[in-house]
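Structural characterization, general
Residue strings, one per chain:
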Amino acid sequence: MNAEIKNIINKLNLKPHPEGGFFNETYRSTGVIDKANLDEQFSGDRNYATAIYFLLTSDTFSAFHKINQDEIWHFYKGSSIKLHIISPEGNYSKVIIGNAIENGEHPQYVVPAKYWFAAEVVNNNDYALVGCTVSPGFDFKDFVLPKHDTLITKFPQHKAVITKLTRK
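On a predicted model such as this, the values are computed, not experimentally measured, just so you know. (Residues numbered from 1 in each chain as written. Predicted model: local features only at pLDDT ≥ 70, side-chain atom pairs only at ≥ 80, totals over all residues. Heavy atoms only, no water.)

**Here's the deal with the side chain of Asn68**
Keep this limit in mind: Helix and strand definitions here come from DSSP, where helices need a minimum of 4 consecutive H or I residues and strands a minimum of 2 consecutive E residues; each element is numbered from the N-terminal end. The buried label goes to any residue with under 20% of its type's maximum accessible area, the exposed label to any with over 50%, and the partly exposed label to all in between, with areas taken from a 1.4 Å probe on protein chains only. We call two N or O atoms a polar contact when they sit within 3.5 Å, provided that within protein one can donate a hydrogen and the other can accept it, with sequence-adjacent residues counted only if both atoms are side-chain atoms. Residues count as neighbours in contact if any of their non-hydrogen atoms are within 4.5 Å of one another.
Mapped onto the elements, Asn68 comes out in the loop between β6 (61-65) and β7 (70-78). Note on Asn68: relative accessible area 16%, which makes it buried. Polar side-chain contacts of Asn68 include one of 3.3 Å to the backbone oxygen of Gln41. There is a polar contact of 3.2 Å between the side chain of Asn68 and the side chain of Asp142. Contact partners of Asn68, with chain neighbours within four places excluded, come to Gln41, Phe42, Ala113, Lys114 and Asp142.

Given below as structure tokens:
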């Protein structure tokens, strides 16, 4: 890990994330949505919104996972990120999150609730610093991080990308 990456991790107080990479929660609203006003997949109350810094390096990846909420990705610095997405029906797509708008990159992108998604840094020997905003607010009770066999059984047509971007 180079000095610039270590400096970002230290300055932003980033910690390892279970899906890969490093993160720090930067915002959690004080307002709360009562469980009675949320869909049945939520097991309790949720804050209105949460936000994190998220850093990936080219030797790490964000493993396929899903949450019950929409997740908005915001690009800040470094290499672009390739975001791989599988809909609940099994449709695969990918999007590049970055600041080269003229090349079709998206500085901001929304992953819909309940979609499986994974991310990797586009450039070799590089990093990407992004932010992720979730509403209703993120709670690890909403986080599903499957083993690759589980996801391959569900979506065998996407075996290659699932194998590349999941933990065994």
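**Overview of the pattern of salt bridges**
So the rule is basically this: When a carboxyl oxygen of Asp or Glu is within 4 Å of a side-chain nitrogen of Lys or Arg, the pair counts as a salt bridge.
Summed over the entire model, instances satisfying the criterion amount to four salt bridges. The salt bridge partner of Arg28 is Glu25, with a shortest N-O separation of 2.8 Å. The class for Arg28 is partly exposed, based on a relative accessible area of 34%.

**Looking at the sheet that holds β6**
Basically, it comes down to this: We treat two strands as partners when DSSP finds at least two bridges between them. Fitted lines through C-alpha atoms give the axes, limited to the stretch in contact for helices. The angle between two N-to-C directions lies from 0 to 180 degrees.
Taking strand neighbours across the sheet as the criterion, the four strands line up as β6-β11-β8-β9 in an open arrangement whose pairing is antiparallel. Only two strands of the sheet have a single partner each, and these edge strands are β6 and β9 (92-97). Strand after strand, the sheet turns through a mean of 15° between neighbouring axes, direction not considered. Strand direction decides the pairing type here: strand β8 (residues 81-86) and strand β11 (residues 116-121), joined by six bridges, are antiparallel. Pairing of Ile86 across the sheet is with Trp116, part of β11.

**Details of the sheet that holds strand β5 (residues 50-57)**
Here we have six strands laid out as an open sheet, ordered β1-β2-β5-β12-β7-β10, and antiparallel in their pairing. The open sheet has two edge strands with one neighbour each: β1 (15-16) and β10 (108-111). In this sheet, strand β2 (residues 22-28) lies alongside β1 in antiparallel orientation, the contact comprising two bridges. Considered in β2, the bridge of Pro16 is made with Phe22.

**Observations regarding unusual backbone geometry**
Of all residues except glycine, most have a negative phi; of all peptide bonds, most are trans. Ser135 connects to Pro136 through a cis peptide bond whose omega is -10°. On the secondary structure map, Pro136 appears in the loop between β12 (127-135) and α2 (148-154). The backbone phi angle of Lys114 is positive, close to 70°, even though this residue is not glycine. Counting through the fold element by element, Lys114 comes out in the loop between β10 and β11. Classification of Lys114 as partly exposed rests on a relative accessible area of 33%.

**Notes on the packing of aromatic side chains**
Using the following cut-off: Centre distance within 6.5 Å is the pairing criterion for rings of Phe, Tyr and Trp, where only the six-membered ring of Trp is used; planes under 30 degrees apart are then read as stacked, over 60 as edge-to-face, and the remainder as tilted. To sit over a ring, a charge needs its Lys NZ or Arg CZ within 6 Å of the ring centre and within 35 degrees of the ring normal.
Under the definition given, this model contains six aromatic pairs. Seen in terms of ring centroids, Trp73 and Phe117 are 6.3 Å apart; in terms of plane orientation they differ by 80°. Their pairing is edge-to-face. With Trp73 in strand β7 and Phe117 in strand β11, the pair connects residues that are 44 residues apart, well separated along the chain. We note that Trp73, like Phe117, is buried. Between Phe140 and Phe143, the ring centres sit 5.5 Å apart and the planes meet at 80°, which makes this aromatic pair edge-to-face. Look at Phe140 and you get partly exposed, because its relative accessible area is 42%. Between the NZ or CZ atom of Arg167 and the centre of the ring of Phe61, over which it lies, the distance is 4.4 Å.

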